[in-house]
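Here is how the chains run, residue by residue.
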Amino acid sequence: MADWSPAQYLKFADERTRPARDLLAQVPLSSPAVVYDLGCGPGNSTALLVERFPQARVTGIDNSPAMLEQARKACPGASFALADLARWQPDDAPDLLFSNATFQWVPHHLEVVARLAAELKPGGAMAIQMPDNLAEPSHRLMAEAAEEGPWRLKLSQASAAREPLPAASAYYARLKPLFARLDIWHTIYNHPLNGTRGIVEWVKSTGLRPYLDPLAPEEDQAFLADYERRLGGAYPADADGTVLLRFPRLFIVGLR
Ligand SMILES: C[S@@+](CC[C@H](N)C(=O)[O-])C[C@H]1O[C@@H](n2cnc3c(N)ncnc32)[C@H](O)[C@@H]1O
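Residues numbered from 1 in each chain as written. Predicted model: local features only at pLDDT ≥ 70, side-chain atom pairs only at ≥ 80, totals over all residues. Heavy atoms only, no water.

> Before we move on, can you summarise the sheet that holds strand β4 (residues 96–100) with the specific residues and values?
What holds strands together in a sheet is hydrogen bonding between their backbones, with the strands either parallel or antiparallel. Read from one edge to the other, the open sheet built from 7 strands follows the order β3-β2-β1-β4-β5-β7-β6, with strand pairing classed as mixed. The open sheet has two edge strands, β3 (79–82) and β6 (181–194), and neither has a second partner. For this sheet the average axis-to-axis angle between neighbouring strands, irrespective of direction, equals 20°. Bridging between β6 and strand β7 (residues 242–255) involves 14 bridges; their strand directions are antiparallel. Its bridge partner lying in β7, Asp-183 is registered against Val-253. Contacts between helix α2 (residues 13–24) and the sheet are confined to β4, β5 (125–131), β6 and β7, with β4 contributing the most and set at about 150° to the helix. Contacts from helix α5 (residues 109–117) reach β1 (34–38), β4 and β5, with the element oriented near 165° to β5. (Pairing = 2+ DSSP bridges. Helix = DSSP H or I, 4+ residues; strand = E, 2+ residues; numbered from the N terminus. Axes fitted to C-alpha atoms, helices over the stretch in contact; angles between N-to-C directions. Contact = heavy atoms within 4.5 Å.)

Encoded structure:
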């Protein structure tokens, strides 16, 4: 897949960083020494970790060179390394493994999360947030547009969509034996956006990437127009053109 676009991703930096703040608020550690930000992206979540734990050695891990370049500029207080989380091992036993909006992209992530949890120091914590929004119109309609347009074959061959998250009970069953305390919850955000175009802009740098990647530039435009037309039926605008993007997210905090 083409590399991520930090600029497009950061168009909604405040909204995307809010769940990272909400997740960090539930981390029950006062002075961890070794902290990793898994899927650090452009460094927005890493900056929160550096601010909260100024004494810690904070390292951001990501497999996108473009994201890491932006993160190094934005967050000089941390170190960064290029790695695929599917195989990554921490150099030092972590006090905190933090991950905002990343593991949904990692195939079989529950096993990866379980493997990494076992690397934590005793008393260490793992804190993870993932969008749980594939059943929302924003994501159902991109799958529908993919299945019903002239690009159908191309997109099905590319197996465009990511997998739905397992149920909360599946995370609990797999992770409970690894933690002394395990807390799992959902939060639903409602983001006011500038019409259906705002929704397209939001998902262009994330959920739409696997759909746009296999398409030629002229197909891209037709696909986006078709998708935006479908969004119109599901997200009615208010008098000033604002739509509310309903966005459920799954949170997991475990303490070893
Ligand atoms: C949606 S961004 C999240 C960025 C940031 N953590 C935040 O709070 O906004 C997801 C990041 O995960 C990274 N990523 C996805 N799959 C990965 C993998 N297998 N290994 C490492 N990083 C991965 C992407 O490159 C991207 O930067």
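> Please set out helix α3 (residues 44–52) residue by residue, giving values where relevant.
Looking at α3, one finds that the buried residues are Asn-44, Ser-45, Thr-46, Leu-48 and Leu-49. Looking at the buried residues of α3, the elements they touch are α1 (6–9), α2, β1, β2 (57–62), β3 and β4. (Buried < 20%, exposed > 50% of the residue type's maximum accessible area, 1.4 Å probe, protein only.)

> Quick rundown of the packing of aromatic side chains? Include the residues and the values.
Per the counting criterion, the structure on display carries 6 aromatic pairs. Between the aromatic rings of Phe-12 and Trp-202, the centroid separation amounts to 5.0 Å while the plane-to-plane angle is 45°, which identifies the pairing as tilted. Here Phe-12 is found in the loop between α1 and α2, whereas its partner Trp-202 is found in helix α9 (residues 195–204), with 190 residues between them in sequence. Like Phe-12, the residue Trp-202 is buried in the burial classification. Seen from their ring centres, Tyr-36 and Trp-88 are 4.9 Å apart, and the 70° between their planes marks the pair as edge-to-face. In this pair, Tyr-36 is assigned in strand β1 and Trp-88 in the loop between β3 and β4, connecting sequence segments 52 residues apart. Three or more aromatic residues link up through ring pairs in this structure, and these residues are Phe-12, Trp-202 and Phe-247. Just above the ring of Trp-202 sits the side chain of Arg-16; from NZ or CZ to the centre is 4.7 Å. (Phe/Tyr/Trp six-rings, centres within 6.5 Å; stacked < 30°, edge-to-face > 60°. Lys NZ or Arg CZ within 6 Å of the ring centre and 35° of its normal.)

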